[in-house]
Amino acid sequence: MPEVIFNGPEGRLEGRYQISKKRGAPIALLLHPHPQFGGTMNNQIIYNLYYTFLKRGFSVLRFNFRGIGRSQGVFDHGSGELSDAASALDWAQAMAPEAKTCWVAGVSFGAWIGMQLLMRRPEIEGFLSIAAMANRYDYTFLAPCPSSGLFVHGENDRVSPVKESISAIDKVKMQKGVKIEHQVIPGANHFFEDRMDELMLTISTYLDKRMAGKL
């Protein structure tokens, strides 16, 4: 799990990166929860996602948003963090220039950033949005959503209640051929404590079906 430092809009950004042994393999960019509430690239969901994508042959990058760990800068309420994510994707593409496509996966605040990045980067062909706070952040910018993907929520999520979030996400318009799926993990809270295995099984099953062309 090589440590990497690359240039971001406000200075260096710290990450962990592993390039795939497969030529032309897709890239997975992972975006952590809210920096002001303990979110880092070492979040357990992000950590598990890292290896989930690696096992499927992706080149994978997770990194700390500005002001976290050894990443320079200060929290910027989403605007700067979106720029950080764009810089991270640029760097990952420079490291794996033969990669034609990529995925973005975010948790909570990171899910919101990831979906904004999705709208700006046509090479993103799939997404995972975990515990997306569609009740707190406006998702109407997905008009229409350009890529298929999966939203996952915990049944007992009090930060982003399932009914409120899925209701907001259901209003998102989709392009022809794009399919958005929802999964709810029984008994799980916002960070899927004691439900990590169920979360990763759900995500792994979805990824395997997408890669096999069954979704």
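Data block above holds the structure.
Residues numbered from 1 in each chain as written. Predicted model: local features only at pLDDT ≥ 70, side-chain atom pairs only at ≥ 80, totals over all residues. Heavy atoms only, no water.

Caption draft 1: A look at the sheet that holds strand β7 (residues 148–154). Read from one edge to the other, the open sheet built from eight strands follows the order β1-β2-β4-β3-β5-β6-β7-β8, with strand pairing classed as mixed. On the outer flanks of this sheet lie β1 (3–8) and β8 (180–185), each paired with one strand and no other. Looking at each pair of strands side by side, their axes are set apart by 20° on average, direction ignored. By the bridge criterion, six bridges tie β1 to strand β2 (residues 11–18) in an arrangement that is antiparallel. If you follow Glu3 over to β2, its bridge partner there is Arg16. Strands in contact with helix α2 (residues 79–95) are β1, β2, β3 (27–31), β4 (59–63), β5 (102–107) and β6 (124–130); relative to β3, the strand with the most contacts, it is inclined by about 155°. (Pairing = 2+ DSSP bridges. Helix = DSSP H or I, 4+ residues; strand = E, 2+ residues; numbered from the N terminus. Axes fitted to C-alpha atoms, helices over the stretch in contact; angles between N-to-C directions. Contact = heavy atoms within 4.5 Å.)

Caption draft 2: Quick look at the side chain of Ser147. Residue placement: Ser147 occurs in the loop between β6 and β7. Polar side-chain contacts of Ser147 include one of 2.7 Å to the backbone oxygen of Ile124. Dropping the residues within four chain positions of it, Ser147 is found in contact with Leu118, Ile124, Glu125, Gly126, Phe127 and Val178. (Polar contact = N/O pair within 3.5 Å; in protein donor to acceptor, adjacent residues only side chain to side chain.)

Caption draft 3: Representation of the packing of aromatic side chains within the structure. If you walk through the whole model with that rule in mind, you get 18 aromatic pairs. Relative to Tyr206, the ring of Trp103 has its centre 6.4 Å away and its plane inclined at 70°; by these criteria the two rings are edge-to-face. One end of the pair, Trp103, is in strand β5; the other, Tyr206, is in helix α5 (residues 196–211), with 103 residues separating them in the sequence. In this structure Trp103 comes out as buried when scored by relative accessible area, which is 3%. Geometrically, the ring pair formed by Tyr139 and Phe141 is stacked, given 5.7 Å between the ring centres and 25° between the ring planes. Phe141 sits in the partly exposed class, given a relative accessible area of 26%. Each member of the aromatic cluster is reached from another via a ring pair, and the members are Phe6, Tyr17, Phe63, Phe65, Phe75, Trp91, Phe109, Trp112 and Tyr137. Stacked on the ring of Tyr50, the Lys or Arg Arg62 has its end atom at 4.8 Å from the ring centre. (Phe/Tyr/Trp six-rings, centres within 6.5 Å; stacked < 30°, edge-to-face > 60°. Buried < 20%, exposed > 50% of the residue type's maximum accessible area, 1.4 Å probe, protein only. Lys NZ or Arg CZ within 6 Å of the ring centre and 35° of its normal.)

Caption draft 4: Broad picture of the pattern of salt bridges. Following the criterion strictly, the structure yields 10 salt bridges and no others. Linking Glu181 and Lys179 is a salt bridge whose minimum nitrogen-to-oxygen distance equals 3.8 Å. A relative accessible area of 48% places Lys179 in the partly exposed class. Overlapping salt bridges bring together Glu3, Glu14, Arg16 and Arg70 as one network. (Salt bridge = Lys/Arg side-chain N within 4 Å of Asp/Glu carboxyl O.)

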